[in-house]
Amino acid sequence: MTQKIALITGASRGFGAALAEELAALNWHVVAVARTTGALEELDDRIQARGGNATLAPMDVCNIEAMRHLCRSIYDRWGKVDLWAHTAIHVPPMSPADHLDAKDWDKTVATGVTVPGQLIPFVSPLLRASGAGVAVHVDDPNAGKFLGAYAAAKSAQRTLFASWAAENETIADLDVRTFTPAPMATATRARFYPGEDRAPLAHPTDEAKRLISTL
């Protein structure tokens, strides 16, 4: 197996989907993880139309047993992962900090903090097996008004990946890095900034290409 393997958690839409599509076009085999089966199938259609190939994994990243099984299946089939990009997020409704909904808080923290904390021990051996594995934390420093839950989860996620990167900065077979996309015209951005002029915003495909150029 000479084809590089990319695991993208949160691959159905936005930046994750754009990254999956661009990597597949460069002959990477993409393992695309997301809850929405229809969106994954549409992604697969676009990938195949460009001559690429992907494995679809329609599952909730918060289902840790499903993710454990997926990582084991990746090992059994390919023995490695060359790139892991965690782009999965939960976007709660905008809310003042003193009006946070408990269920939205729990889901935001689970997806943004608990999930990567649980996945790192699963994915790290797969990345090391590559000999030059790269883990990418997709950051968003946005901490505007009424974004407390989202910003808090992203802050904790940023610290987690920074610690992992520091722990492996002298290890040749694992590169943990952070990528901060320019503000993009995504559904997440539209939810946070309703009515914003989207013309100046970056396209997710362009930001995906920018990330890939650094690999």
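Quick look at the structure, then. (Residues numbered from 1 in each chain as written. Predicted model: local features only at pLDDT ≥ 70, side-chain atom pairs only at ≥ 80, totals over all residues. Heavy atoms only, no water.)

### Some details on the overall build of the chain
The number of helices and strands found in the chain is seven helices and six strands. Each helix and strand of the chain, ordered N terminal to C terminal, gives the series β-α-β-α-β-α-β-α-β-α-β-α-α. In terms of overall size, the chain behaves like a compact globule, its C-alpha atoms giving a radius of gyration of 17 Å where 215 residues would be expected to give roughly 17 Å. Along the first, second and third principal axes, the C-alpha set of the chain runs to 50 × 40 × 30 Å. If you take every contact in the chain between residues at least 6 apart in sequence, the share linking residues at least 24 apart comes to 73%. Of the roughly 10200 Å² of accessible surface on the chain, a fraction of 53% belongs to carbon and sulfur atoms. (Helix = DSSP H or I, 4+ residues; strand = E, 2+ residues; numbered from the N terminus. Rg over C-alpha atoms; globule rule 2.2 N^0.38 Å. Contact = heavy atoms within 4.5 Å. Areas by Shrake-Rupley, 256 points an atom, 1.4 Å probe, with all protein chains shown as cover.)

### Some words on the environment of Ser-130
Mapped onto the elements, Ser-130 comes out in helix α4 (residues 102-130). Using a relative accessible area of 21% as the deciding quantity, one classes Ser-130 as partly exposed. Along the chain, Ser-130 and Ile-5 lie 125 residues apart, while their C-alpha atoms are 9.1 Å from each other. Ignoring sequence-local partners within four residues, the contact set of Ser-130 consists of Lys-80, Val-81 and Asp-82. (Buried < 20%, exposed > 50% of the residue type's maximum accessible area, 1.4 Å probe, protein only.)

### Comments concerning the layout of surface pockets
Estimated volume of the largest pocket: approximately 1000 Å³. In terms of lining residues, the largest pocket is bounded by 40 residues, among which Thr-87, Ala-88, Ile-89, Val-91 and Thr-188 are the most central. At the level of elements, α1 (14-25), α4, α5 (148-167) and α6 (187-192) are the ones that each hand at least two residues to the lining of the largest pocket. Broken down by element, the residue count for the lining of the largest pocket peaks at five residues, all from α6. (1 Å grid on protein atoms, 1.4 Å probe; cavity = no way out; pocket = protein on both sides within 12 Å on 5 of 7 lines; lining within 4 Å. Points joined across faces, edges and corners; volume = space filled by probe spheres on them.)

### Remarks on empty space enclosed by the protein
In this structure the tally under the stated criterion is two cavities of 30 Å³ or more. Quantified by volume, the largest cavity comes out at close to 50 Å³. Ile-89, His-90, Thr-108, Gly-112, Tyr-150, Ala-153, Lys-154 and Gln-157 are the residues that line the largest cavity. Residue assignment for the lining of the largest cavity shows that the elements contributing at least two residues are α4 and α5. No other element matches α5, which puts four residues into the lining of the largest cavity. When its residues are assigned to classes, the lining of the largest cavity shows three nonpolar, four polar and one charged. In this structure, the second largest cavity encloses a volume near 40 Å³. Forming the walls of the second largest cavity are Pro-92, Pro-93, Ser-95, Leu-100, Phe-146, Leu-147, Gly-148, Ala-149, Tyr-150 and Phe-192. The greatest single-element share of the lining of the second largest cavity, amounting to three residues, is contributed by α5. (Nonpolar A, V, L, I, M, F, W, Y, C, P; charged D, E, K, R; others polar.)

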